[in-house]
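Structural description and commentary
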Amino acid sequence: MHFPQLQITTFFTLFGVDPVNSGLQLKFNTAVKLSVISCRKNLSLAPMNVFTDKAVIIITCPKRLAPYLEQEVKELGFDTDDTFVTGVRLTGTINDCIKLNLNLRCASQVLYSLKQFEAENADAIYKNLLDYPWENILPDPGYFSITSNVNNPTINNSMFANLRVKDAIVDRLREKRGTRPSTGSELTGAVINLFWKNENAEIFIDTSGDSLGRHGYRKIPGQAPMLEALAAATVYATRWDRRSPFVNPMCGSGTIAIEAAMIATNRRPGLFRTNYAFMHLQGYEETIYLKEDALLEKQIVDLPGLRIIATDYSERAIDNAKKNAIAAGVANLVDFAVCDFAATEIPPDVPGIFYVNPEYGERLGNIKELEETYSRIGDFMKQKCGGYMGYVFTGNLELAKKIGLKAKRRIEFYTSTIDCRLLEYELYSGSRTVPKEV
Ligand SMILES: C[S@@+](CC[C@H](N)C(=O)[O-])C[C@H]1O[C@@H](n2cnc3c(N)ncnc32)[C@H](O)[C@@H]1O
């Protein structure tokens, strides 16, 4: 029997953090001590129940979203133990993972640690996992999948590592139960995740399955849509008070405006999803999930008078955006219009938010035309958005120079392959002029 609380010692190295050089040693030692104490209390209680026994939880997220994810996790009432470049670490149970899965906007996967071990090669992975009591984790009959994050010199195809994990689990279950579980690549059932860097391996229950980064309401993505998790994080990064107008020209499929409406009214991604990997674990009882799910409806806030405006010059984009807003339950909160961005209504005399995500030449758009568009965005913000905070999300800093205004903040983000910035402009009203870019 493995007690995950005893196994956090190599975690920092696994996730690329050097505890000594990062000054985390003290916190780390304390965490280990506390874990050992809590583990000792559990020694008499076998077998382990992952729904109620605490272990290390890693919540992964796209690069640069971790600070926003950390904030979300804390707002849900959890203490975090560490935040690293692609995630957050805390301690908790699978029941905690249920709450996290339903509520988080910036996360990708919620992983619950089962075991850490050293593995030189794929055979060592097999041997270590053959010993694990998978019959306590995976139901009979059942379907499971393996995912992994592998960086080991003996492996040039992570599928091979996945295969060895699968073989170990299947062999163990066949020996204990006499039946062979079904397996496959669709993340529709239980999911076991291997993290393996050099000789350090860690095996997790992936409690999410399909990524949480997609929020489930976007039926028609349109051209160059932003990942919902990224859109939510960029809205968090603005100075929006969630009450004043939020104006989103060039809205495309509407992701930014829809995420803004969901954040303001406290609508969580769990409202649109009915299948999670935690539902396919041995011992899963629906009551905890149903309780958390019911809370999602109860916590929605009604905000009469909230103005969210989303426009695009493409009629098709606005059609798609409306359909997505209907699916997200926020169609009545967003005023859509088909128009050039410069014809977008800007509610006057309020400290609103103006947020555009223009094309940036990587996948769409012609650079000469885009230079003109960026320059017009700068003029429009300066002339029509006095008193607002202006935001431009772009992956092309050369084009951004054409805006011609001095950014107050340049907040770093990342799309799948592109280094991006959310540029913030303070747009003064009255006689005070907006500083020019120098
Ligand atoms: C990068 S996409 C926005 C994607 C959006 N954030 C999403 O998640 O779907 C840029 C959008 O700007 C629109 N657009 C480009 N030039 C425009 C203009 N001059 N006025 C209005 N919309 C424009 C395009 O139709 C496209 O939908």
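Before reading further, recall that the structure is shown in the block above.
Given the structure is predicted, the values throughout are model-derived calculations rather than measurements.

1. Points about unusual backbone geometry
Along the chain, Asp140 connects to Pro141 via a cis peptide bond; the corresponding omega equals 0°. Relative to the helices and strands, Pro141 resides in the loop between helix 5 (122-130) and strand 5 (143-151). One non-glycine residue, Arg64, adopts positive backbone phi at about 75°. By the secondary structure assignment, Arg64 is in the loop between strand 1 (55-60) and helix 3 (66-75). Its 19 C-beta neighbours within 10 Å are what place Arg64 among the partly exposed residues. Within the chain, Asn266 stands out as a residue other than glycine whose phi angle is a positive 60°. Looking at the element boundaries, Asn266 is found in the loop between helix 8 (255-264) and helix 9 (286-298). Taking the number of C-beta atoms within 10 Å as the measure of exposure, Asn266 has 14 and is therefore partly exposed.

2. Observations regarding the nonpolar core
Judged by nonpolar contacts, the single largest core of 117 residues is most densely connected at Ile57, Ile59, Leu69, Cys106 and Ala261. Both domains that furnish three or more residues to this core are identified here as domain 1 (4-206) and domain 2 (228-266 + 301-426).

3. Concerning the sheet that holds strand 11 (residues 334-338)
A sheet is described by the order of its strands in space; here seven strands give the open sequence 11-10-9-12-13-15-14, paired in mixed fashion. Two strands bound the open sheet, and with one partner strand each, they are strand 11 and strand 14 (409-414). Each strand axis lies, on average, 15° off the axis of its neighbour in the sheet, ignoring direction. In this sheet, strand 13 (residues 389-394) lies alongside strand 12 (residues 353-356) in parallel orientation, the contact comprising four bridges. Bridging from a neighbouring strand, Ile353 pairs with Met389 of strand 13.

4. Things to note about the sheet that holds strand 1
Across the sheet, eight strands lie side by side as 2-3-1-4-8-7-5-6; this open sheet has mixed pairing. Edge positions in the sheet fall to strand 2 (82-84) and strand 6 (182-183), since each of these pairs with one other strand and no more. Bridge analysis of strand 1 against strand 4 (residues 109-118) gives four bridges, and the strand direction is antiparallel. Bridge pairing in strand 4 places Ile57 opposite Tyr112. Against the sheet, helix 3 makes contact with strand 1, strand 2 and strand 3 (87-92), and its axis sits at roughly 25° relative to strand 3, the strand it touches most.

5. Brief notes about the environment of Cys420
Along the chain, Cys420 turns up in strand 15 (residues 419-426). Accessibility expressed as a C-beta count within 10 Å gives 22 for Cys420, which makes it buried. Separated by 10 residues in the primary sequence, Cys420 and Arg410 place their C-alpha atoms 9.4 Å from one another.

Here is what the cut-offs are and how they apply
- Residues numbered from 1 in each chain as written.
- Predicted model: local features only at pLDDT ≥ 70, side-chain atom pairs only at ≥ 80, totals over all residues.
- Helix = DSSP H or I, 4+ residues; strand = E, 2+ residues; numbered from the N terminus.
- Buried ≥ 20, exposed ≤ 12 C-beta atoms within 10 Å, placed from the backbone.
- Core = buried A, V, L, I, M, F, W, Y, C linked by C-beta atoms within 7 Å.
- Domains from an automatic or database assignment.
- Pairing = 2+ DSSP bridges.
- Axes fitted to C-alpha atoms, helices over the stretch in contact; angles between N-to-C directions.
- Contact = placed C-beta atoms within 7 Å.

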